[in-house]
Amino acid sequence: MASIKFDHVYKRFGETTVLKDLNIDIPDREFLVLVGPSGCGKSTALRCLAGLEEISDGSILIGDRVVNDIPPKDRDIAMVFQSYALYPHMTVYDNMAFGLKLRRMDKTEIDRRVKEAAELLGIAHLLERKPKALSGGQRQRVALGRAIVREPAVFLMDEPLSNLDAKLRVQTRAEISKLHQRLATTFIYVTHDQTEAMTMGSRIAVMRDGILQQIDSPKTLYDQPTNMFVAGFIGSPAMNFFNGRLDRSNGQLMVNIPNAFTLPVPKEKAGAIESHIGKDIVFGVRPEDIHDSAFVPRGVREDARIQAKANVVEVMGSEVYAYIERGNKEFIGRFDPRSTVRTGQPVEAVVDMDKIHIFDRESERALV
């Protein structure tokens, strides 16, 4: 078992800096997800931890040991790749046992580990097959099994589900979460899929352009994003953003979106943003906090109403996605499944102003 520490880590490829002063502390047995768009540096961070890339500055620690100059085979980690990387001429058993044989481990111990891992992953009946006779999901289990048999201190996973179809991805991510609980080992998981991140990680580190934006629990990232990038990246459908200003009218603080709508800010939120009155801000609200006025959940104040038009309505069964427009500003609301709004019809939307987000226009930092 081992904790992990990225201590002021930089990684440069020529003139390009891919990781910029990365600082992350990962406690023993945590499931940390590194998430961000393509090219943000998340896979590079994982490869640096694995020893597949040398860092340019800083230190990486596994436990109390600085591993900057330690080769990958001596770091006590196991990595699962996106491509599975199975040997096509070997059986499942031999693929899982290969790394242990290279270490000259006792045959009885190899057999025990392979069979235990196969049972854990539900592939014991596949041990004599070769990879070409397996489905994508089965190959992914073999790749996981090959990592498990090593009994490492840390598991590293680089987008391991991206080659699976949607239904199998949902199933396999649940299996990986169960695997983490059973093995009680440190997991670091890289993905660009924020749904995977939200459902799997005990903490999520959001990266952009090689810089760590925020690291916290899924709920905190969702409810209290530190900036517009995190707010827009976490959540599906994405948060609605509007350029506007803060004004005061008859003693009431208002969010003014020019040529679209003006909404009252609750007193509980006003104190944090009064210094920005008269200044340009970005107003953010998640789709699930915009309701059809006919079906407003209990407890939501109903004084923030927008008269709009529904451009597109997607009936999903358990919910309704309404793409609505007001004053050339289009945004999305996630309505109650009982909503009867239809494409092309007028709609009255209620915004839950207790759940709003206000960002500074210049810095994009969260104000509330």
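Residues numbered from 1 in each chain as written. Predicted model: local features only at pLDDT ≥ 70, side-chain atom pairs only at ≥ 80, totals over all residues. Heavy atoms only, no water.

Chemist: Looking at this structure, how should I read the environment of Met-198?
Modeler: Looking at the secondary structure, you find Met-198 in helix H6 (residues 194-200). Look at Met-198 and you get partly exposed, because its relative accessible area is 25%. Along the primary structure Met-198 and Ile-234 are separated by 36 residues, whereas in three dimensions their C-alpha atoms are 8.1 Å apart. Dropping the residues within four chain positions of it, Met-198 is found in contact with Ile-204, Pro-218, Tyr-222 and Ile-234. (Helix = DSSP H or I, 4+ residues; strand = E, 2+ residues; numbered from the N terminus. Buried < 20%, exposed > 50% of the residue type's maximum accessible area, 1.4 Å probe, protein only. Contact = heavy atoms within 4.5 Å.)

Chemist: What's the story with helix H1 (residues 42-50) in this structure? I'm lost.
Modeler: Helical geometry note: an α-helix holds 3.6 residues per turn, so side chains three or four residues apart project in the same direction. Burial analysis of H1 places seven of its nine residues in the buried class, which makes it a mostly covered element. Buried within H1 are the following residues: Lys-42, Thr-44, Ala-45, Leu-46, Cys-48, Leu-49 and Ala-50. Within two residues after H1, Gly-51 carries a phi angle of roughly 90°, on the positive side.

Chemist: Would you explain the pattern of salt bridges in this entry?
Modeler: Opposite charge on two side chains lets them pair, provided their charged atoms get close. All chains considered together, the criterion is met by 25 salt bridges. Between Lys-101 and Asp-94 there is a salt bridge whose closest N-O contact spans 3.3 Å. Take Lys-101: its relative accessible area is 45%, and that puts it in the partly exposed class. Judged by relative accessible area, which is 26%, Asp-94 ranks as partly exposed. (Salt bridge = Lys/Arg side-chain N within 4 Å of Asp/Glu carboxyl O.)

Chemist: Explain the nonpolar core here, please?
Modeler: For soluble globular proteins, nonpolar side chains are generally found buried alongside one another. Judged by nonpolar contacts, the single largest core of 44 residues is most densely connected at Met-96, Val-114, Ile-176, Tyr-189 and Val-206. Contacts of Val-114, omitting those with residues within four sequence positions, involve Tyr-93, Met-96, Ala-97, Leu-127 and Val-149. Residues Leu-253, Leu-263, Val-285 and Ala-310 belong to the second largest nonpolar core, which totals 32 residues. (Core = buried A, V, L, I, M, F, W, Y, C linked by side-chain atoms within 4.5 Å.)

Chemist: How should the environment of Ser-363 be read in this particular structure?
Modeler: Positionally, Ser-363 belongs in the segment after strand E20 (357-360). Between the C-alpha atom of Ser-363 and that of Lys-11, which follows or precedes it by 352 residues, the distance is 25 Å.

Chemist: Mind showing me how you'd approach the sheet that holds strand E18 (residues 329-335) here?
Modeler: Hydrogen bonds along the backbone pair up the strands of a sheet, which may run parallel or antiparallel. The five strands lie next to each other as E15-E19-E16-E17-E18, forming an open sheet whose pairing is antiparallel. A strand with exactly one partner marks an edge of an open sheet, and here the two such strands are strand E15 (290-292) and E18. For this sheet, the mean angle separating the axes of adjacent strands, direction not counted, is 45°. Summarising the sheet, E15 and strand E19 (residues 346-351) pair through three bridges and their orientation is antiparallel. Opposite Ile-290, over in E19, you have Val-351 as the bridge partner. (Pairing = 2+ DSSP bridges. Axes fitted to C-alpha atoms, helices over the stretch in contact; angles between N-to-C directions.)

Chemist: Which parts of the structure should I look at to understand the side chain of His-357?
Modeler: Following the sequence through the fold, His-357 ends up in strand E20. We classify His-357 as buried; its relative accessible area is 7%. A polar contact of 3.5 Å, which involves the side chain of His-357, links it to the backbone oxygen of Lys-355. In contact with His-357, not counting residues within four places along its chain, are Tyr-222, Asp-223, Pro-225, Met-239, Val-282, Phe-283, Gly-284 and Val-368. (Polar contact = N/O pair within 3.5 Å; in protein donor to acceptor, adjacent residues only side chain to side chain.)

Chemist: Would you explain the confidence of the model for the protein in this entry?
Modeler: Detailed reading of the predicted coordinates is not advisable wherever pLDDT is low. On average, the protein scores 93 in pLDDT, and the residues at 70 or more come to 100%. Ranking the elements of the protein by mean pLDDT puts helix H9 (residues 267-273) last, at 85, and strand E10 (residues 211-216) first, at 98. (pLDDT = per-residue confidence, 0-100.)

Chemist: Looking at this structure, how should I read the environment of Pro-160?
Modeler: Secondary-structure assignment places Pro-160 in the loop between strand E7 (154-158) and helix H5 (166-183). With relative accessibility at 0%, the residue Pro-160 sits in the buried group. Placed 29 residues apart in sequence, Pro-160 and Tyr-189 show a C-alpha to C-alpha distance of 8.6 Å. Ignoring anything within four residues of it in the chain, the contact list for Pro-160 reads Val-80, Phe-81, Gln-82, Tyr-84, Gln-140, Tyr-189 and Val-190.

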